[in-house]
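Here are the chains, one letter per residue:
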Amino acid sequence: MSHAEAKIYPPSADAEAKAHVDAAAYERMYSASMSDPEGFWREQGKRVDWMKPFTQVRDVDFTLGNVKINWYADGELNVSANCIDRHLEKRGDQTAIIWEPDSPDEAAKHITYKELHAETCRMANILRDLGVTKGDRVIIYMPMIPEAAYAMLACARIGAIHSIVFAGFSPDALAARVNGSEAKVVITADFAPRGGKATPLKANADKALKNCDASVKCLVVRRTGGDVAWDDARDRDYTALAKNAATTCAPEPMNAEDPLFILYTSGSTGLPKGVVHSTGGYLVYAAMTHEITFDYHDGDIYWCTADVGWVTGHSYIVYGPLANGATTLMFEGVPTYPDASRFWQVCEKHKVNQFYTAPTAIRALMGQGREFAEKADLSSLRILGTVGEPINPEAWNWYNEVIGGGRCPIVDTWWQTETGGHLMTPLPGAHATKPGAAMKPFFGIKPVVLEPTTGEEITTNPAEGVLCIADSWPGQMRTVWGDHARFEQTYFSDYKDYYFTGDGCKRDADGDYWITGRVDDVINVSGHRMGTAEVESALVAHDKVAEAAVVGYSHDIKGQGIYCYVTLMNGEEPSDALRTELRNWVRTEIGPIASPDMIQWAPGLPKTRSGKIMRRVLRKIAENDFGALGDTSTLADPSVVDELIANRMNR
Ligand code: WT7
């Protein structure tokens, strides 16, 4: 189906009547944000409480060699005070966090804003006692338990910069991030229960810390109480210390431009880079998008199913919702445990109003059959959200009909780790939706579609090309940790004076946006971003591997799967056992999320005479779509291609 024929769902009268922003308000506010960004964002800056009010709004330059991004730069605030303290008077006894554990047999917890305050202060005091001060880095390697949120907010409270490492990452990946950020402390837990299994987080941290500076301390939350090894000089028992820790701790005044967190994410080249987000602009943007995109109203129960290890968890489980005084649900488990009705049981149990998940989860649950959803009472749901990758219309329709009962607007939110918050999405009471379209830019966002090779802006509709953003917004990343040159190179060098997103995009005849996926060597596996270069370097680190090339291919559930072409060292014999060995190798080097789906033995790779691997050809073969390979005449040895086609894995 072409986009021109896409079905259009106008906003319902109910959604429109209730919404913070209706169609007229969107038009008015969007044009104000374009014609007077300074005035627009000055006003929005009032969403947060400032310890010292800002007078400057924006100071931005996208010129290569001189890139700077500053918002509210002379203001001072504390993120933890904004997410907790300022709510205490009005909603101290309201639930801030509903915690739903992995097993439905374990009791859920309801943590009020007062309790959140006390627990965050305890954690902050413990970190201070460990010598953590303003500007220091703290790694958080945790299950989805309330202590993960306390840890984030505690860092923010004392001005430490946190860097969360997803609990699915390996000890090696953890060590790289501890060292890359020069962290003083790693906060972890004994085990991470998920889907009835428990990842040994403390044991992983032990392995990682062998490769880190001896001064790094390890603070351990007892989640299961299971046995763990202990190093008295290095390890501290959070659960024991918290009992005696003080429940107050004055929030540190922070400059708006002080970093709030670093989050490592994959790019098209090299090792993951540390995306740096700010304190003031980030919080304004996370709070604003949370309220408006999800049309959050006081008293609503909001659930984002992401993990705090990803940016979605930062902006839309913790910072955005808590800045707005919301009730945010934190889920430790997985969608299919104990069975495929779990998400929907949790929605019923906690009367969830806004539900935000990823297309890969929707596809997986759709595949299990609608009975699992029909067993649950989903009448509390009002808004549905999706994020992480383009959603295929089948999954969108299922989400709309089976989960939303045809009454819940779907917000297909396009954004990135780098953007801090939503850049494009339909708004529930303002915009029509089309299955698979991210539709409209958020306030202050000026998307441009460029012709990929010339970089010319395409101003007519329909348009197709690469997606750039013409100007800054407060939630934009500020730099790459320790490498501003890489920041400029990655995002500002391909297309002059624009922020380059790495995504391709179409703008249809109505002017609505559709994200078509990455145009670089980044792939998206179950909504997790993966650099093909990272998987390649993990593979070649194995002593039987001479060379490797990795590409993505379409996968029914994961969106994209990981397809590896591997050339073995001379004398090594291919075998299924070696395939398993390599798969496990990548899992230990990076983590289970990087597990190769297919490994094809490649006696040779298609290279140009200058030695460049022709990835375009490898992508086609991996897709089982090799009818039109394009021009291969520049290949040093074109017969390599026939061999790869003959032995392709994906048929
Ligand atoms: C990449 C960013 C932002 C939170 C989760 C992923 C893809 C994200 C959508 C969407 C189509 C999407 C893009 C983007 N993506 N959301 N709604 N429609 N594509 O963050 O790991 O930084 O990945 O995810 O390709 O560039 P991330």
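Remember, it's a predicted structure, so these values are computed and weren't measured experimentally.

Calculation notes
- Residues numbered from 1 in each chain as written.
- Predicted model: local features only at pLDDT ≥ 70, side-chain atom pairs only at ≥ 80, totals over all residues.
- Pairing = 2+ DSSP bridges.
- Helix = DSSP H or I, 4+ residues; strand = E, 2+ residues; numbered from the N terminus.
- UniProt positions renumbered as here; feature names shortened; annotations may be inferred.
- Buried ≥ 20, exposed ≤ 12 C-beta atoms within 10 Å, placed from the backbone.
- Axes fitted to C-alpha atoms, helices over the stretch in contact; angles between N-to-C directions.
- Near = placed C-beta within 6 Å.
- Nonpolar A, V, L, I, M, F, W, Y, C, P; charged D, E, K, R; others polar.

Asker: Is there a simple way to think about the sheet that holds strand β23 (residues 479–480) in this case?
Answerer: The strands that make up a sheet are held in pairs by hydrogen bonds between backbone atoms, and each pair lies either parallel or antiparallel. Strand order in the open sheet made by the eight strands is β12-β11-β8-β6-β7-β14-β15-β23, with mixed pairing throughout. What marks the edges here is a single partner per strand, and that holds for β12 (235–237) and β23. Pairing geometry for strand β8 (residues 185–189) and strand β11 (residues 217–221), over five bridges, is parallel. Bridging across to β11, V185 finds its partner in K217.

Asker: Sorry, what's going on with the UniProt feature "binding site: CoA" (unreviewed entry) in the chain here?
Answerer: Sites flagged by UniProt as "binding site: CoA" (unreviewed entry) map to R194, G195, G196, K197, T312, S526 and R587. A maximum C-alpha distance of 23.9 Å among these annotated residues, which run over 394 residues, shows that they spread across the structure rather than meeting at one spot. Secondary-structure assignment places G196 in the loop between β9 (192–194) and β10 (197–199). Summarising the element assignment, K197 is placed in strand β10. For K197, a count of 11 C-beta atoms within 10 Å corresponds to the exposed category.

Asker: How do you make sense of the sheet that holds strand β20 (residues 410–413) when you look at a structure like this?
Answerer: The strand order across the open sheet formed by seven strands is β5-β4-β17-β16-β18-β19-β20, and the pairing between neighbours is mixed. At either end of the open sheet lies a strand with only one pairing partner, and these are β5 (109–112) and β20. Each strand axis lies, on average, 20 degrees off the axis of its neighbour in the sheet, ignoring direction. Taken together, the three bridges between strand β16 (residues 301–304) and strand β18 (residues 354–357) define a ladder with parallel strand orientation. For Y302, the partnering residue across the bridge sits in β18 and is Q354.

Asker: Is there a simple way to think about unusual backbone geometry in this case?
Answerer: Across residues other than glycine, the phi torsion is negative in most instances, and most of the peptide bonds are trans. The residue after Y337, namely P338, is reached through a cis peptide bond having omega -5 degrees. Along the chain, P338 turns up in the loop between β17 (327–331) and α13 (342–350). Along the chain, N461 connects to P462 via a cis peptide bond; the corresponding omega equals -5 degrees. As for its placement among the helices and strands, P462 is situated in the loop between β21 (447–450) and β22 (463–469). Here the phi dihedral of E182 falls at roughly 50 degrees; this positive angle occurs in a residue that is not glycine. Topologically, E182 is positioned in the loop between α8 (171–181) and β8. Despite not being glycine, K351 has its phi angle at roughly 50 degrees, a positive value. For K351, the position within the fold is in the loop between α13 and β18. Note on K351: 12 C-beta atoms within 10 Å, which makes it exposed.

Asker: Where do I start with the site of the ligand in this structure?
Answerer: Around the ligand, the surrounding shell holds 22 residues, and the nearest of these are W414, Q416, T417, I515 and R529. Mapped by element, the contributors of at least two residues to the shell around the ligand are α12 (311–323), β20, β24 (499–507) and β25 (513–518). Looking at the shell around the ligand residue by residue, the class counts come to seven nonpolar, 10 polar and five charged.

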